[in-house]
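Residue-level structure breakdown
For reference, the chains in residue letters:
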Amino acid sequence: ETGVTQSPTHLIKTRGQQVTLRCSSQSGHNTVSWYQQALGQGPQFIFQYYREEENGRGNFPPRFSGLQFPNYSSELNVNALELDDSALYLCASSTQGGDGYTFGSGTRLTVV
Amino acid sequence: GENVEQHPSTLSVQEGDSAVIKCTYSDSASNYFPWYKQELGKRPQLIIDIRSNVGEKKDQRIAVTLNKTAKHFSLHITETQPEDSAVYFCAANQGNQGGKLIFGQGTELSVKP
């Protein structure tokens, strides 16, 4: 295994609900990046966390938010879920310089 | 904003033939270009990467070339095998940010036995 773990693996939520996805980083990595991958598309960068602070953000609305903890694990929170939020959510851990960039297995979110 | 274009979107080859996938990027500050293989329902797996101080890199049947002047890079797979069938993504980092990758749209490679 890669050492980057995500939970849960699958999730079904109703439109308007809130969801929290979790990611543990690989040993020795201090940076976590989150991506959204819609079906048939490439991953889209949501944001990155380094030293518990957001360090870069893609073109996603504020209802997408995150946290990073002192052990470098991270959470992705999405409020007011919309049907278009249905996707595979991937996290990747790395060093701050991007070395060892490794993806987790992802969380498949379905919004109904 | 920064953009990575990838072609073709689908590619079908006979086993043993070569496959080439091409990408262009827009951010002149990008200096890291990885390629990922993603099988159905699985995570993207890094197969090869190249940095801007190198023009070509090879790992067994896989090679990547980079032309920084033209802002394009290519993946070459020789002696393709059915297990090479998957979706391949190119990516480029944004500026000098090591952790933000901009991905291409993907190429679905099918290797027919």
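Reading guide: rules and limits
Residues numbered from 1 in each chain as written. Chains lettered and ligands numbered in written order. Predicted model: local features only at pLDDT ≥ 70, side-chain atom pairs only at ≥ 80, totals over all residues. Heavy atoms only, no water. Helix = DSSP H or I, 4+ residues; strand = E, 2+ residues; numbered from the N terminus. Rg over C-alpha atoms; globule rule 2.2 N^0.38 Å. Lys, Arg positive; Asp, Glu negative; His and termini not counted. Charge placed at Lys NZ, Arg CZ, Asp CG, Glu CD. Phe/Tyr/Trp six-rings, centres within 6.5 Å; stacked < 30°, edge-to-face > 60°. Buried < 20%, exposed > 50% of the residue type's maximum accessible area, 1.4 Å probe, protein only. Contact = heavy atoms within 4.5 Å. Buried area = accessible area lost by both parts, 1.4 Å probe. Salt bridge = Lys/Arg side-chain N within 4 Å of Asp/Glu carboxyl O. Polar contact = N/O pair within 3.5 Å; in protein donor to acceptor, adjacent residues only side chain to side chain. Nonpolar A, V, L, I, M, F, W, Y, C, P; charged D, E, K, R; others polar.

Describing the overall build of chain A
- Counting secondary structure elements, chain A contains zero helices and eleven strands.
- Secondary structure of chain A in N-to-C order comes out as β-β-β-β-β-β-β-β-β-β-β.
- For chain A, the C-alpha radius of gyration of 13 Å lies close to 13 Å, the compact-globule estimate for 112 residues.
- Across chain A, the mean location of the 7 positive side-chain charges is 7 Å away from that of the 9 negative side-chain charges.

With respect to the packing of aromatic side chains
- Applying the stated rule across the entire model yields 14 aromatic pairs over all chains.
- Note on A:Phe47 and A:Tyr49: the rings are 5.3 Å apart at their centroids and 85° apart in plane angle, and the pair reads as edge-to-face. Exposure class is identical for A:Phe47 and A:Tyr49. Each is buried.
- Each ring, one from B:Phe89 and one from B:Phe103, has its centre 6.4 Å from the other, and the planes form 85°; the classification is edge-to-face. A residue pair is termed long-range when its members are at least 10 positions apart, and B:Phe89 in strand β9 (residues 86–93) and B:Phe103 in strand β10 (residues 101–103) qualify at 14 residues.
- On the basis of relative accessible area, B:Phe89 is assigned to the buried category, the value being 3%.
- Assessed through its relative accessible area of 6%, B:Phe103 is described here as buried.
- Following the ring pairs from residue to residue traces out a cluster consisting of A:Tyr35, A:Phe45, A:Tyr101, A:Phe103, B:Tyr36, B:Phe89 and B:Phe103.

Some details on the interface of chain B and chain A
- Across the contact, 14 residues belong to chain B and 24 residues belong to chain A.
- Carbon and sulfur atoms make up 51% of the area that chain B and chain A hide from each other, which totals about 1500 Å².
- Joining chain B to chain A, the criterion identifies zero salt bridges.
- Where chain B meets chain A, there are four residue pairs in polar contact (both at pLDDT 80 or more).
- Elements supplying a minimum of two residues to the side of chain B that touches chain A: β4 (32–38) and β10 of chain B.
- Grouping the constituent residues of the side of chain B that touches chain A by class yields five nonpolar, six polar and three charged.

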